[in-house]
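# Analysis of the macromolecular model
So the chains spell out like this:
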Amino acid sequence: MERLEVIDSHTEGEPTRVVIALPMELGGRTAAERRDELARHHDGLRRALILEPRGHEAIVGAYLLPPVSEHASAQVVFFNNEGYLGMCGHGAMGVLRTLQYLGRIGTGRHRLETPVGDIQAELLSDETIAIENVRAFRHEKDRTVRTREHGSCRGDIAWGGNWFFVAERPEEELRLSRQSELVALCLDIRDSLEQAGATGEDGALIDHIELYAPIAPRTTRNFVLCPGGAWDRSPCGTGTSAKLACLAADGALAPGEVWTQISLTGGVFRGSYEIEGEGVIPTIVGRAWITAESTLLFEADDPLREGWTS
């Protein structure tokens, strides 16, 4: 019987499962190197942690690893039901709350190493968490894609730590009761983008689709489809970062001004940015709560030891 300790949390509705210590040694040093080694040699652990029967499609996992820099609080590799993520805004908030719960950090600023670069994170005195993300930028404006079943859709391609297609939809479409229809729409958009050859920088796959509807000044309701077909219960930290990059490129939001994104579950992220080169450095503020401290068990003869997929 193998055992693995995890801490579960949710950030504005979206779950994060933090693995406190890996059961194996990794040869790489950087987060990107360790992510690649995990993907090549230990992907069964990711599946066992995230897929049913121990998990479900909405959970994002985070391996907590020793940092390279003495100035960093931790190194983190994020993963989900599909594979590995470059960055994860809600997950970084969950990691910070977990580190606080474990007594490893207190209020103040902390650095986290991720596969796409270091981020700054701050536990604020009002129990909110601010994530200063990696540089975000818009790659292409007003890309039109013809979908198989939903007509034409126009949006921007942007990087916020993951690659996004960001498109406006009518407010009445973005309701919790329509989640299944929204998933189908986003899958159609994502598949159609790939078939049309639309990519991010250097041919990168656009694996996140973000739909939004303005509902008040500098406020939108949004819906994000993640890799693997799960939709984000939070307003999505990297998605909010990508949206801020598009707003900045259009001159629709000034540096330091606050933009609010609200998910279908009512989760709220507030974002702002500062200019850096041809992109922006986004700061996303939200809240996270600890939900469980668990020991996961793995029996050697369990036929679903590494989960199942449809």
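First, a word on what this report is: a plain description of the structure on this page. Quick caveat: nothing in here was measured; it's all calculated off a predicted structure.

Rules used in this analysis
- Residues numbered from 1 in each chain as written.
- Predicted model: local features only at pLDDT ≥ 70, side-chain atom pairs only at ≥ 80, totals over all residues.
- Heavy atoms only, no water.
- Buried < 20%, exposed > 50% of the residue type's maximum accessible area, 1.4 Å probe, protein only.
- Helix = DSSP H or I, 4+ residues; strand = E, 2+ residues; numbered from the N terminus.
- Pairing = 2+ DSSP bridges.
- Disulfide = S-S within 2.5 Å.
- Core = buried A, V, L, I, M, F, W, Y, C linked by side-chain atoms within 4.5 Å.
- Phe/Tyr/Trp six-rings, centres within 6.5 Å; stacked < 30°, edge-to-face > 60°.

The subject of this paragraph is the pairing of strand β14 (residues 259-262). The alternating pattern of β14 places Trp259 and Gln261 and Thr260 and Ile262 on opposite faces, both of which are buried. Taken together, the 3 bridges between strand β13 (residues 219-225) and β14 define a ladder with parallel strand orientation. By the bridge assignment, threonine 219 is partnered in β14 with threonine 260. Of the strand pairs in this sheet, β14 and strand β15 (residues 268-276) are connected by 4 bridges, and their pairing is antiparallel. What sits directly across from glutamine 261, in β15, is phenylalanine 269. Hairpin geometry of β14 and β15 is characterised by an intervening segment of 5 residues between the two adjacent antiparallel strands and by a positive phi of about 95° at glycine 266.

As enumerated under the stated definition, the model contains 0 disulfides in all. No disulfide involves cysteine 236; its sulfur sits 5.7 Å from that of cysteine 226, the nearest cysteine.

A separate point is the pairing of strand β3 (residues 60-65). For β3, the tally of buried residues reaches 6 of 6 residues, placing the bulk of the element in the interior. Burial along β3 is two-sided: Val60, Ala62 and Leu64 and Gly61, Tyr63 and Leu65, pointing in opposite directions, are all buried. With 4 bridges joining them, strand β2 (residues 14-19) and β3 adopt parallel strand pairing. Directly across from threonine 16, in β3, lies its bridge partner valine 60. Direction of pairing for β3 relative to strand β4 (residues 74-79): antiparallel, over a ladder of 5 bridges. In the sheet register, leucine 64 faces β4, and the bridge partner there is valine 76.

This part is about unusual backbone geometry. Of note, the bond from glutamate 52 into proline 53 is cis; its omega dihedral lies within 30 degrees of zero at 15°. Positive phi is not limited to glycine here, since glutamate 12 has a value of about 50°. Note that glutamate 12 resides in the loop between β1 (2-11) and β2. Relative accessible area serves as the criterion here: at 6%, glutamate 12 is assigned to the buried category. The residue aspartate 142 is not glycine, and still its phi comes out positive at about 55°. Along the chain, aspartate 142 turns up in strand β9 (residues 137-146).

The tendency in soluble globular proteins is for nonpolar side chains to be buried as a group. Core analysis: the biggest nonpolar cluster contains 61 residues, and Phe78, Val95, Leu112, Phe165, Ile189, Leu211 and Phe223 have the highest contact counts within it. Within the second largest apolar cluster, 17 residues are counted, among which are Leu22, Leu26, Leu65 and Val77.

Using the criterion set out here, one finds 5 aromatic pairs in the structure. Taking the centre distance of 6.4 Å and the plane angle of 50° together, the rings of phenylalanine 79 and tyrosine 84 count as tilted. Here the aromatic rings of phenylalanine 137 and tryptophan 163 are separated by 5.7 Å at their centres, their planes lie at 85°, and the arrangement is edge-to-face. Separated by 26 residues along the polypeptide, phenylalanine 137 in strand β9 and tryptophan 163 in strand β11 (residues 163-168) bring together distant segments of the chain. Taking relative accessible area as the criterion, phenylalanine 137 reaches 12% and is therefore assigned buried.

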